[in-house]
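Structure assessment
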Amino acid sequence: MTLYRARVLDTPDDPFTGGELRADDDAGLVVRDGQIVARGAYAQVRGDHPEDHVVDLRDGILLPGFVDTHVHFPQVRVIGGLGMPLLRWLDERALPEEARLADPAYARSVAAEFVRGLVEAGTTTALVFGAHFAPAVDEVFAEAARVGLRITSGLVVSDRLLRPSELLTSPDRAYELSCELAGRWHGVGRARYAVTPRFSYSATDDLLDACASVLKDVPGSWFTSHVNENLAEIARVAELFDDAHDYVDTYDRHGLVGRRSVFAHNVHPTDRELSILGAEGATVAHCPSSNASLGSGLFPLRRHLEHGVRVALGSDVGGGTGFSLLKEGLQAYFAQQLMGEEGMPLGPVHLLHLATAAGAAGLGLADQVGDLDVGKQFDAVWVSAAEGSTLDVGLRHARDAENALATVFALGGVADIAAVWIAGEPVHRPRQRTGLRLGA
Ligand code: GUN
Ligand code: ZN
């Protein structure tokens with residue numbers, strides 16, 4: 001057994017409904033077989049576990065592993081396509097790159113870059129938008145399994161309006177390939193299958209029906225897609241589905257909106273759509289960097305919360321600008337600040353919750369991950385600043401734990417993620433850092 005000694009911050013109680021930050025300045029966490037089996041004041045826990053090997057992490061802050069609820073595997077190489085709205089960005093940047101994943105060897109190198117990018121950023125669980133090619137999806141599942149990353153992913157399917165045409169399939173083929181992939185990966189280790197039509201813009205009703213069949217025929221599978229991201233996209237969807245109430249209805253009338261559904265963006269919802277998402281228990285993946293970068297708009301978080309819609313964070317790489325959920329938290333905060341009275345004032349505790357426990361709950365994994373309670377998996381991120389860096393200065397002078405957390409969101413980046421564990425296994429070792437005493 002290993003005893004981790006650290007300043008531990010997590011959010012077991014939802015701050016949007018009155019929960020407070022749990023801050024233990026000198027905590028001991030005992031981990032056995034990847035699971036937290038004891039937690040308390042270090043002196044007490046050490047007294048109870050005098051023989052355990054101690055990992056001293058006092059030179060930093062230990063947080064739950066981050067949960068990214070929307071990130072695209074095939075887009076890691078096109079991060080940074082600035083200055084375009086969604087549909088043009090898809091045509092010019094994202095989709096030409098996605099077509100290259102037809103080559104499994106190419107897909108394999110991208111999968112390695114992708115999984116490494118997530119883990120280095122402190123993400124330990126992710127709902128991953130896969131590729132349009134089944135062998136490429138096998139690659140990302142295989143790489144995640146090799147590293148230990150918890151992913152839910154699947155074959156992305158479209159049967160109209162996407163270029164190049166190699167990205168298109170048919171409803172029958174979509175059904176068949178999705179079921180085959182689910183048969184290989186769903187429930188294997190930490191992997192789960194997600195039925196993934198790209199967006200109803202590029203899907204006929206027949207394709208969405210095929211998706212509903214996969215969801216039914218693969219028990220426990222998940223559903224993910226995009227909704228209400230960009231005004232031009234929404235207008236086109238309204239034309240394509242002129243008999244649907246709205247964008248959410250294009251999915252809902254096929255039975256695709258439920259507790260195991262995660263919709264990315266939802267920047268421009270109607271109240272009717274929010275009511276349905278709330279009533280069905282679906283989750284919205286809020287991707288603030290992407291919303292700003294592609295000029296999609298300001299996310300109406302307050303209206304989501306008022307309608308009881310679950311919300312968590314997504315990086316939306318490569319529409320988003322990187323894998324860091326610290327950055328997404330800060331961007332979520334900025335967006336709400338800019339919305340004036342319509343904005344939802346966020347503090348650092350909300351940001352941590354959105355980046356961890358809210359994602360775990362949205363993905364139905366709250367019994368395993370999302371905070372560092374006894375009984376949970378030891379999925380954890382150690383934020384440790386380089387000596388003398390501005391983050392280091394800020395942390396040394398923080399007034400209290402909440403202020404330290406705000407400092408981490410304001411100043412912390414991928415370079416400050418000094419160690420990451422999934423189920424107790426170190427999955428990312430820092431390059432060179434002072435103060436790291438792993439194994440000491
Ligand atoms: N809508 C459909 N495909 C995509 C995508 O790849 N990124 C984003 N941001 N929105 C989409
Ligand atoms: Zn997306």
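Right, let's walk through the structure included here. (Residues numbered from 1 in each chain as written. Chains lettered and ligands numbered in written order. Predicted model: local features only at pLDDT ≥ 70, side-chain atom pairs only at ≥ 80, totals over all residues. Heavy atoms only, no water.)

A short note on the packing of helix α5 (residues 171-185) against helix α6 (residues 205-217)
Interaxial distance between α5 and α6 falls to 8 Å at its minimum, and their mutual angle equals 25°. Taken as axis vectors, α5 and α6 run roughly parallel relative to one another. Pair α5 / α6 crosses with right-handed handedness. On α6, the residues touching P171, A174, Y175, S178 and C179 of α5 are D206, L207, A210, S213, V214 and D217. Looking at side-chain class alone, the contact of α5 with α6 contains seven nonpolar, two polar and two charged residues. (Axes fitted to C-alpha atoms, helices over the stretch in contact; angles between N-to-C directions. Helix = DSSP H or I, 4+ residues; strand = E, 2+ residues; numbered from the N terminus. Parallel < 35°, antiparallel > 145°, perpendicular 65-115°, else oblique. Left-handed = near helix turned anticlockwise from the far one by under 90°. Contact = heavy atoms within 4.5 Å. Nonpolar A, V, L, I, M, F, W, Y, C, P; charged D, E, K, R; others polar.)

With respect to the packing of aromatic side chains
Within this structure, the stated rule accounts for twelve aromatic pairs. An angle of 15° between the planes, with centres 5.2 Å apart, marks the rings of F141 and W185 as stacked. You can see F141 sitting in helix α4 (residues 134-147) and its partner W185 sitting in helix α5, a full 44 residues away along the chain. Each ring, one from Y333 and one from F334, has its centre 6.0 Å from the other, and the planes form 50°; the classification is tilted. Overall, the relative accessible area of 27% leaves Y333 in the partly exposed class. Taken together, the ring pairs in this structure connect F223, Y247, Y251 and F263 into an aromatic cluster. It is R77 that lies over the ring of Y106; its NZ or CZ is 4.7 Å from the centre. (Phe/Tyr/Trp six-rings, centres within 6.5 Å; stacked < 30°, edge-to-face > 60°. Buried < 20%, exposed > 50% of the residue type's maximum accessible area, 1.4 Å probe, protein only. Lys NZ or Arg CZ within 6 Å of the ring centre and 35° of its normal.)

Let's talk about unusual backbone geometry
That bond from R163 to P164 is cis: its omega, -5°, falls within 30 degrees of zero. Cis geometry marks the peptide bond from V317 to G318; its omega dihedral reads 5°. Along the chain, the position of G318 falls in the loop between β13 (310-313) and α12 (325-338). Of note, L161 is a non-glycine position whose phi angle comes to about 65°, a positive value. A residue is classified by how much of its surface remains accessible, and L161, at 43% relative accessible area, is partly exposed. With a phi angle near 50°, N266 is a residue other than glycine that sits in the positive phi range. Counting through the fold element by element, N266 comes out in the loop between β11 (261-265) and α9 (271-280).

As for the environment of H265
When you line up the elements, H265 lands in strand β11. A sequence separation of 46 residues divides H265 from P219, and the C-alpha atoms of the two residues are 26 Å apart. Setting aside chain neighbours within four positions, we find H265 in contact with H70, H226, V227, E229, V284, A285, C287, S290, N291, F299 and D316. A polar atom in the side chain of H265 sits 3.4 Å from the side chain of E229. (Polar contact = N/O pair within 3.5 Å; in protein donor to acceptor, adjacent residues only side chain to side chain.)

Details of the side chain of H286
For H286, the location among the structural elements is in strand β12 (residues 283-286). Not counting residues up to four positions away in its chain, the partners in contact with H286 are N291, F299, V311, A312, L313, G314 and A332.

Observations regarding a negative patch on the surface
Together, D13, E20, D400 and E402 make up a region of like negative charge exposed at the surface. With respect to the helices, strands and loops of the structure, D13 is situated in the loop between β1 (2-10) and β2 (22-32). (Patch = residues over 30% accessible without salt bridge, like charges linked within 9 Å, V, L, I, M, F, W, Y side chains within 5 Å. Areas by Shrake-Rupley, 256 points an atom, 1.4 Å probe, with all protein chains shown as cover. Salt bridge = Lys/Arg side-chain N within 4 Å of Asp/Glu carboxyl O. Lys, Arg positive; Asp, Glu negative; His and termini not counted. Charge placed at Lys NZ, Arg CZ, Asp CG, Glu CD.)

Observations concerning the site of ligand 1
Looking at ligand 1, the residues that line it are H72, Q75, L86, W89, L90, R198, F199, H226, E229, H265, L294 and D316. Here an oxygen atom of ligand 1 sits 2.8 Å away from a polar atom, N or O, in the side chain of Q75. R198 is positioned with one of its side-chain polar atoms (N or O) 2.6 Å from an oxygen atom of ligand 1. Protein chains bury 100% of the 280 Å² of accessible surface belonging to ligand 1 in isolation. Tallying contributions element by element places helix α2 (residues 86-100) first for the shell around ligand 1, with three residues. A per-class count over the shell around ligand 1 returns five nonpolar, four polar and three charged. (Near = heavy atom within 4 Å.)

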